[in-house]
Amino acid sequence: MGIFQRLFKQRSSKVFLNISKSESGSNYNSRSEIINSIADRIATQVSKLQPQVIRNNGNGTVIKNDNLARLLSTRPCKELNTSDWLYKIAYQAVINGDGFAIICYNDDYSEIKAICPVICSNYRIFEDKGILFFRFIWSYDCKEYTLPYDFIIHLKDRPGTKRFIGSNPNDDLSTSVDMLETTYNGIKNIVKNSANLRGYLKFNNFIDEDDLKETIKNFQEAYMTSENEGGIAGIGSEYEFKELSQTQNSIPTTQLSFFKTNIYDYFGVSEKIIRGEYSENEWNNFYETKIEPIAMKLSLEFTYKVFSERERGFGNKIVFIANKLQYATTQTKMTVMQTLFDRGFITINQGLEMMDMPSLGEEGDVRMVSLNYVKTDDQSLYQTGKENNNASN
């Protein structure tokens, strides 16, 4: 934590500022297994994104392999690899509406040493004299820190109604989550009571009140709890058990489905995505509507916060890419591979990688082009060996 503490020391949290405009939030520990499952599925797919540092120039796009690129692609901070790092940021963004990571520099601020995700028990983004600041209580040590907002990677989820922060699902889904929990409790009682006896004891002889209460208590503990899995009781001749008929309540599957679908729709996922039973088209829809927007947000946020205006002017940017063919059928992979390969867009090894096959080494690092394609101005030369004089005039 040396880098972290050094950064906080230089940007002390004890500076008192005149807060003119601000918005605050808090960490939401969801008790809903459905919301936690949704956050896990989304964050798991985000964790598969591959960060790349690129530069666009007159010669095209160059993928850089500098210190920053290696940091992002392997271990952005000491305690997390890239996959876990992305998962943590995305999970917090889904579950709380905001995910944060702090950019940590070396002593002279010339190089980024780490980008550390933080879980905040409380946080506030505020503006003071035209400058944005981020004040938060770090769950790790329960201390309060204040940093310039430019030091913060901030992934927002559903930032529709707020200026600085995203929307917390606890506010938007409180009714659905409460009703779903109530329904679950009802199901729990149905299951619990399904094997229990219900009735009264008829004593054949006179018995005093204390003995009556003790007998009833013993009978209840022995036969009318969830431990009586068989639902059978054994009694002597001193009393009789008169069973009361019970109407077995059915599990309210319709209500369950309604509330679950409402929560799924809010997060933009389906039950098939949660269960991992999706088709190629269902996966593509999920990626395009949920994962791709997160990748774009990450790219824009990292590019702006990591690079200076001058560096951005030279075409430097950070992008987060995904293998969209990961869940494609073999036929789809073959079609895409053949189309790209015939036009020389990919090498033999890249085509083999699409098909999850081993490369051919240096022998496969070549591009092949089909001779069935020709420039429109060169059609006569290609077909007859002679130039089209009319075209040249």
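Structure shown above.
Residues numbered from 1 in each chain as written. Predicted model: local features only at pLDDT ≥ 70, side-chain atom pairs only at ≥ 80, totals over all residues. Heavy atoms only, no water.

Q: Whenever I open this one, the overall build of the protein confuses me. Can you help?
A: If you tally the helices and strands in the protein, you get 15 helices and 14 strands. By the burial criterion, 37% of the 393 residues in the protein qualify as buried. Sequence-distant contacts, at least 24 apart, represent 65% of the contacts inside the protein between residues at least 6 apart. When the accessible surface of the protein is split by element, carbon and sulfur atoms take 49% of a total near 23800 Å². (Helix = DSSP H or I, 4+ residues; strand = E, 2+ residues; numbered from the N terminus. Buried < 20%, exposed > 50% of the residue type's maximum accessible area, 1.4 Å probe, protein only. Contact = heavy atoms within 4.5 Å. Areas by Shrake-Rupley, 256 points an atom, 1.4 Å probe, with all protein chains shown as cover.)

Q: In this structure, what is going on with the side chain of Glu-127? I would like to understand it.
A: Note on placement: Glu-127 falls in strand β6 (residues 120-128). A polar contact of 3.2 Å, which involves the side chain of Glu-127, links it to the side chain of Arg-163. (Polar contact = N/O pair within 3.5 Å; in protein donor to acceptor, adjacent residues only side chain to side chain.)

Q: For this particular structure, what's the right way to read the sheet that holds strand β3 (residues 60-63)?
A: Remark on secondary structure: sheet strands pair via backbone hydrogen bonds, oriented parallel or antiparallel. Strand order in the open sheet made by the 3 strands is β3-β2-β12, with antiparallel pairing throughout. At either end of the open sheet lies a strand with only one pairing partner, and these are β3 and β12 (316-321). With strand direction ignored, the average angle separating the axes of adjacent strands in the sheet is 40 degrees. Two strands pair when backbone bridges link them, and strand β2 (residues 50-57) and β12 are joined in this way by 6 bridges, in the antiparallel orientation. The residue bridging Ile-54 from the neighbouring strand is Lys-317, located in β12. (Pairing = 2+ DSSP bridges. Axes fitted to C-alpha atoms, helices over the stretch in contact; angles between N-to-C directions.)

Q: Which parts of the structure should I look at to understand the sheet that holds strand β5 (residues 112-118)?
A: Here we have 3 strands laid out as an open sheet, ordered β5-β4-β9, and antiparallel in their pairing. Of all the strands in the sheet, the pair left with one neighbour each is β5 and β9 (152-156). Between one strand axis and the next, the sheet turns by 20 degrees as a mean value, whatever way the strands run. With 6 bridges joining them, strand β4 (residues 98-105) and β5 adopt antiparallel strand pairing. Within β5, the residue paired with Cys-104 across the bridge is Ala-114. Sheet strands touched by helix α4 (residues 82-96): β4, β5 and β9. Its angle to β4, the strand with the most contacts, is close to 140 degrees.

Q: Quick question: what am I supposed to make of the side chain of Ser-47 here?
A: Tracing the backbone shows Ser-47 in the loop between α2 (33-46) and β2. Since its relative accessible area comes to 13%, Ser-47 is described here as buried. Once residues lying within four places of it in the same chain are set aside, the contact partners of Ser-47 are Ser-83, Leu-86 and Tyr-87.

Q: I'm lost on empty space enclosed by the protein in this one. Help?
A: It is a probe the size of a water molecule, rolled over the atoms, that shows where empty space is left. Here the structure, examined in full by the defined rule, presents 3 cavities of 30 Å³ or more. Size it by volume and the largest cavity reaches roughly 50 Å³. Surrounding the largest cavity, 10 residues form its lining, Gln-92, Asn-96, Asp-98, Phe-100 and Cys-120 being those nearest its centre. Only α4, β4 and β6 provide two or more residues apiece to the lining of the largest cavity. In terms of residues, the lining of the largest cavity owes the most to one element, β4, which gives 3 residues. Of the residues that constitute the lining of the largest cavity, the class distribution is 5 nonpolar, 4 polar and 1 charged. (1 Å grid on protein atoms, 1.4 Å probe; cavity = no way out; pocket = protein on both sides within 12 Å on 5 of 7 lines; lining within 4 Å. Points joined across faces, edges and corners; volume = space filled by probe spheres on them. Nonpolar A, V, L, I, M, F, W, Y, C, P; charged D, E, K, R; others polar.)

Q: Before we go on, may I ask you to explain the pattern of salt bridges in this structure?
A: Two side chains of opposite charge can pair, provided their charged atoms sit close to one another. Within this structure, the stated rule accounts for 10 salt bridges. For Lys-64, the salt bridge identified is with Asp-66, shortest N-O distance 3.7 Å. With a relative accessible area of 26%, Asp-66 lands in the partly exposed category. Here Glu-144 makes a salt bridge to Arg-135, at a shortest N to O gap of 4.0 Å. (Salt bridge = Lys/Arg side-chain N within 4 Å of Asp/Glu carboxyl O.)

Q: Looking at this structure, how should I read the packing of α2 against α4?
A: Put simply, α2 and α4 touch, their axes get as near as 8 Å, and they point 140 degrees apart. Relative to α4, the crossing made by α2 is right-handed. Residue-level contacts link Ile-35, Asn-36, Ala-39, Asp-40, Ile-42, Ala-43, Thr-44 and Val-46 of α2 to Leu-86, Tyr-87, Ala-90, Tyr-91, Val-94 and Ile-95 of α4. Broken down by class, the residue content of the contact of α2 with α4 amounts to 11 nonpolar, 2 polar and 1 charged. (Left-handed = near helix turned anticlockwise from the far one by under 90°.)

Q: Which parts of the structure should I look at to understand helix α12 (residues 330-342)?
A: Given 3.6 residues to a turn, an α-helix orients residues that are three or four positions apart in the same direction. With 13 residues, α12 ought to run about 18 Å at 1.5 Å a step, and its terminal C-alpha atoms sit 18 Å apart, in line with that. Phi turns positive, to about 80 degrees, at Gly-344, one or two residues after α12. (Expected span 1.5 Å × (residues − 1).)

Q: Sorry if this is basic, but what is going on with a negative patch on the surface here?
A: The grouping of Asp-208, Asp-210, Asp-211, Glu-214 and Glu-221 at the surface amounts to a negative patch. Note on placement: Asp-210 falls in helix α7 (residues 209-223). For Asp-210, a relative accessible area of 60% translates into the label exposed. (Patch = residues over 30% accessible without salt bridge, like charges linked within 9 Å, V, L, I, M, F, W, Y side chains within 5 Å. Lys, Arg positive; Asp, Glu negative; His and termini not counted. Charge placed at Lys NZ, Arg CZ, Asp CG, Glu CD.)

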